[in-house]
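Examination of the molecular architecture
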Amino acid sequence: DDETEAIVMIGEIGGNLEAEAAQWIKADGNRKPVVGFIAGQTAPKGRTMGHAGAIVGGKDDTAQAKMAILAENGIHVVNSPAEIGKKVAEVLS
């Protein structure tokens, strides 16, 4: 039942997979609301971070840029993982 389900997408700095997923979600006409969070918001530019060695290489790799791309594609973006549950409840109500 699409009215009682939401998708949660968690991404990280570096790379472009989150942007590709957001564009796919919008283009596909996804019927379920999507809540997104991008980890690494305080990561310094150019520094290797995380388990996968994510590197913020360009302006589109930053957490802030990825969060903007998600929002532009209709994803409900939160600033903290602690806000995910509240946002899911909000978009489902």
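Counting restarts for each chain: residues are numbered from 1 in the order of the written sequence. Owing to the predicted nature of the model, reporting of local features is limited to residues with pLDDT of at least 70; listing and counting of side-chain atom pairs is limited to 80 or more, with chain, interface and lining totals taken over all residues. Water and hydrogen atoms were dropped before computing side-chain values, which therefore reflect all heavy atoms in the structure.

1. Points about the overall build of the protein
As a reminder of what qualifies: Runs of E in the DSSP output that reach at least two residues are strands. Runs of H or I that reach at least four are helices, and both are numbered from the N terminus. Here, residues are in contact when the closest pair of their heavy atoms is within 4.5 Å. Here the open area of atoms and residues is found with the Shrake-Rupley method and a 1.4 Å probe, where only the protein chains shown may cover a residue.
A count of helices and strands for the protein gives three helices and five strands. In the protein, the succession of helices and strands from N to C terminus is β-α-β-β-β-α-β-α. The long-range fraction of contacts in the protein, counting pairs at least 24 apart against all pairs at least 6 apart in sequence, stands at 73%. For the protein, the exposed area adds up to about 5,700 Å²; of that, 53% sits on carbon and sulfur atoms.

2. As for the nonpolar core
What counts here: What makes a nonpolar core is a set of buried Ala, Val, Leu, Ile, Met, Phe, Trp, Tyr and Cys residues whose side-chain atoms join them at distances within 4.5 Å. Each residue gets one of three labels from its accessible area relative to the maximum for its type: buried under 20%, exposed over 50%, partly exposed in between, using a 1.4 Å probe on protein chains only.
Grouped together as the largest cluster of nonpolar side chains are eleven residues: Met 9, Ile 13, Ala 22, Ile 25, Val 34, Ile 38, Ala 43, Ala 63, Met 67, Leu 70 and Ile 75. Here this core gets three residues from one element, more than from any other, and that element is helix α2 (residues 63-72). In contact with Ala 63, other than residues within four places in its own chain, are Ile 13, Ile 38, Ala 39, Gly 40 and Gln 41. Among the nonpolar cores identified, the runner-up in size contains five residues, and Val 35, Phe 37, Val 78 and Val 88 belong to it.

3. Some remarks on the pattern of salt bridges
To be explicit about the condition: For this analysis, a salt bridge means a side-chain nitrogen from Lys or Arg found within 4 Å of a carboxyl oxygen belonging to Asp or Glu.
Counted according to the given criterion, the structure contains three salt bridges. Among the salt bridges present, the one from Glu 5 reaches Lys 32, with a minimum N-O distance of 2.5 Å. Of this pair, Glu 5 sits in the segment before β1 (7-12) while Lys 32 sits in the loop between α1 (17-27) and β2 (34-39), placing them 27 residues apart in sequence. With relative accessibility at 31%, the residue Glu 5 sits in the partly exposed group.

4. Digging into the confidence of the model for the protein
One rule of thumb: low pLDDT means the predicted coordinates there are not for detailed reading. Selection criterion: On a range of 0 to 100, pLDDT expresses the predictor's confidence in each residue.
The share of residues in the protein with pLDDT of 70 or more is 80%, and the mean pLDDT across the chain is 84. Predicted confidence in the protein is weakest over strand β4 (residues 54-55), with a mean pLDDT of 55, and strongest over strand β5 (residues 76-77), with 98.

5. Observations regarding the sheet that holds β1
Formally: One bridge is not enough; two strands pair if DSSP finds at least two bridges between them.
One open sheet accounts for three strands, arranged β1-β2-β5; its pairing is parallel. Bordering the open sheet on either side are β1 and β5, each of which pairs with just one other strand. Bridge analysis of β1 against β2 gives six bridges, and the strand direction is parallel. Residue pairing for β2: Ile 10 is matched across the bridge by Phe 37.

6. Digging into the packing of α1 against α2
How we decide: Under this scheme, a helix contributes an axis fitted over its contacting stretch, all axes are lines through C-alpha atoms, and angles between N-to-C directions fall in the 0 to 180 degree range. Small angles under 35 degrees read as roughly parallel and large ones over 145 as roughly antiparallel, with 65 to 115 read as roughly perpendicular and the rest as oblique. Amino acids are sorted into nonpolar (Ala, Val, Leu, Ile, Met, Phe, Trp, Tyr, Cys and Pro), charged (Asp, Glu, Lys and Arg) and polar (every other residue, Gly among them).
Remark: α1 packs on α2, axes separated minimally by 9 Å, with the N-to-C direction vectors making an angle of 5°. Classified by the angle between their axes, α1 and α2 sit roughly parallel to one another. Residues Glu 18, Ala 19, Ala 22 and Lys 26 of α1 form the contact with α2, whose participating residues are Lys 66, Ile 69, Leu 70 and Glu 72. Residues that form the contact of α1 with α2 fall into these classes: four nonpolar, no polar and four charged.

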